[in-house]
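Below, each chain spelled out in residue letters.
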Amino acid sequence: MDRFKLRKAEPKDVPDILRLIKELAKYEEMEDQVILTEKDLLEDGFGDHPFYHCIVAEVPSDKQSNNGPVVIGFAMYYFTYDPWIGKLLYLEDFFVMGEYRGFGIGSEILKLLSHTAVKTRCSSMHFIVAEGNQASIEFYKRRGAADLSLEEGWRLFKIDKSSLLKMSSGPEE
Amino acid sequence: MTNFKIRNAESKDVPDILRMIKELAKYEEMEHHVILTEEDLLEDGFGDYPLYRCVVAEVPSEQQSNSGPVVIGFAMYYFTYDPWIGKLLYLEDFFVMEKYRKIGIGSEILKLLSDMAFKTRCNSMHFVVAEGNTESIEFYKRRGAADITLDEGWRLFKINKSSLFKMSSGSKEYRTCSL
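Report follows, based on the coordinates.

For the rest of this paragraph, the subject is the overall build of chain A. Check the secondary structure of chain A and you find 6 helices and 7 strands. Of all 173 residues assigned to chain A, the portion counted as buried reaches 50%. Within chain A, contacts between residues at least 6 apart in sequence are counted, and of these 54% link residues at least 24 apart. Carbon and sulfur atoms form 49% of the exposed surface of chain A, whose accessible area is close to 8,800 Å².

Each partner contributes to the interface: chain A provides 82 residues, whereas chain B provides 80 residues. Note on chain A versus chain B: buried area summed over both sides is about 8,400 Å², and carbon and sulfur give 62% of it. Of all residues in chain A, Tyr81, Trp84 and Phe157 of chain A give up the largest surface area on contact with chain B, accounting jointly for 12% of the area buried on that side. The interface formed by chain A and chain B holds 7 residue pairs in polar contact (both at pLDDT 80 or more) in total. Counting residues per element, the side of chain A that touches chain B draws most heavily on helix H3 (residues 105-119) of chain A, at 10 residues.

What follows concerns the pattern of salt bridges. Under the counting rule described, the total for this entry stands at 14 salt bridges over all chains. Lys111 of chain B serves as the salt-bridge partner of Glu108 of chain B, at 3.9 Å between the closest nitrogen and oxygen. Residue Glu108 of chain B and its partner Lys111 of chain B are both found in helix H3 (residues 105-119); the two are separated by 3 residues, about one turn of the helix. Taking the relative accessible area as the measure of exposure, Glu108 of chain B reaches 25% and is therefore partly exposed. A residue is classified by how much of its surface remains accessible, and Lys111 of chain B, at 16% relative accessible area, is buried. Among the ionic contacts, a cluster of salt bridges with common partners joins Arg7, Glu10, Asp13 and Glu58 of chain A.

Time to look at the nonpolar core. Core analysis: the biggest nonpolar cluster contains 110 residues, and Leu41 of chain A together with Leu41 and Tyr140 of chain B have the highest contact counts within it. When near neighbours in sequence (up to four residues on either side) are disregarded, Leu41 of chain A contacts Val14, Ile17, Leu18, Ile21, Leu36, Phe46, Tyr52 and Met76 of chain A together with Tyr81 of chain B.

On the secondary structure map, Thr80 of chain A appears in strand E3 (residues 70-82). With residues near it in sequence (within four places) discarded, Thr80 of chain A still touches Gly86, Lys87, Leu88 and Tyr90 of chain A together with Tyr78 and Thr80 of chain B.

All names here are of chain A. Position of Asp13 among the secondary structure elements: in the loop between strand E1 (3-8) and helix H1 (14-27). Taking relative accessible area as the criterion, Asp13 reaches 3% and is therefore assigned buried. One polar contact links Asp13 to Arg7, side chain to side chain, over a distance of 2.8 Å. Reaching out from Asp13, the side chain makes a polar contact with the backbone nitrogen of Glu10 at a distance of 2.7 Å. Apart from the residues within four sequence positions on either side, Asp13 is in contact with Arg7, Lys8, Val56 and Val71.

This part takes up the sheet that holds strand E6 (residues 146-147) of chain B. Here 7 strands make up an open sheet; going across it, the order is E1(B)-E2(B)-E3(B)-E4(B)-E5(B)-E7(A)-E6(B) and the pairing mixed. Either end of the sheet is taken by a strand with one partner, and the two such strands are strand E1 (5-8) and E6 of chain B. By the bridge criterion, 10 bridges tie strand E3 (residues 70-82) of chain B to strand E4 (residues 86-96) of chain B in an arrangement that is antiparallel. The residue bridging Tyr81 of chain B from the neighbouring strand is Lys87 of chain B, located in E4 of chain B.

What follows is about the packing of helix H1 (residues 14-27) of chain B against helix H2 (residues 38-46) of chain B. Each pair of packed helices gets described by two things: the angle between the helix axes and the distance between those axes. All names here are of chain B. Running from N to C, H1 and H2 cross one another at 115°; their axes reach a closest spacing of 9 Å. As the angle between them shows, H1 and H2 are arranged roughly perpendicular. Relative to H2, the crossing made by H1 is right-handed. The segment H1 lies against H2, with Val14, Pro15, Ile17, Leu18 and Ile21 engaging Glu38, Leu41, Leu42 and Phe46. Class assignment of the residues belonging to the contact of H1 with H2 gives a composition of 8 nonpolar, no polar and 1 charged.

Calculation criteria
Residues numbered from 1 in each chain as written. Chains lettered and ligands numbered in written order. Predicted model: local features only at pLDDT ≥ 70, side-chain atom pairs only at ≥ 80, totals over all residues. Heavy atoms only, no water. Helix = DSSP H or I, 4+ residues; strand = E, 2+ residues; numbered from the N terminus. Buried < 20%, exposed > 50% of the residue type's maximum accessible area, 1.4 Å probe, protein only. Contact = heavy atoms within 4.5 Å. Areas by Shrake-Rupley, 256 points an atom, 1.4 Å probe, with all protein chains shown as cover. Buried area = accessible area lost by both parts, 1.4 Å probe. Polar contact = N/O pair within 3.5 Å; in protein donor to acceptor, adjacent residues only side chain to side chain. Salt bridge = Lys/Arg side-chain N within 4 Å of Asp/Glu carboxyl O. Core = buried A, V, L, I, M, F, W, Y, C linked by side-chain atoms within 4.5 Å. Pairing = 2+ DSSP bridges. Axes fitted to C-alpha atoms, helices over the stretch in contact; angles between N-to-C directions. Parallel < 35°, antiparallel > 145°, perpendicular 65-115°, else oblique. Left-handed = near helix turned anticlockwise from the far one by under 90°. Nonpolar A, V, L, I, M, F, W, Y, C, P; charged D, E, K, R; others polar.

This is the structure we're talking about:
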């Protein structure tokens, strides 16, 4: 019987992490927006001060080949801070390849993330979901997730690089 | 004219930071939700691995008293990560006491944060705003902010501690599971 295993990502997983980031972006029809490289991911995730953490899911490779296990899913997370309650775990990306869904891998990843959150004294786990993504919304709601955009009216904003540049060296108001 | 100075927060600023966190929460009618203490803020922001960073705005105290400058505004931020573009600066809290508004302190704080974003190679700055807070929305939109909840349909979710605990019970660090 086939089995899967979850573990912390290591530097050798960076090519697979980037591959899965691109697969998820493709799934959202945004593959051309991925500008990160393996070098960025290596420096940013496995240097002295990691900006993200990853869990990967792997399965044994086919018996025909002599390759080691194959990475077929991942979750990327980091720690954020709420000025009312303190440390939070922020789930940034979460993806399992199409042919490996429906086996409980996603649930196990979430369970491990929850365990990590509790172990590291986080008060909550936050993440965003696209409003059209009903399957994911239901998946999270079944596990107790609350939609803060709906319930509390929070809207996510961004100020991109060109506007930041204008603000940082622009004229006085 | 009021002189003001914006600088990086130091551990001595923690009481003022907590005071202003509570003032901002009170402004949002949520003051009783603030459970963080000065001890938490000190450990979390000024230890070996800070979970947040702060800038504070200070003004000279009244000439009658012998106290030093008074902290009258702050911004709390940290670094997050976008798997498509990399490092981001996330603006978590941003507050200037009411009597010190409209003199450019908020703009200066944002300018400093923008400089920080560039210095640390961030590609964007993210933050949330309550949909009813039109004044703040307009303040940010004047500076080029885009509402990605509106434009791209992103909704913020949370799973709180008790639900996390329910999910985590029985979880081992490394699992081998059958398909």
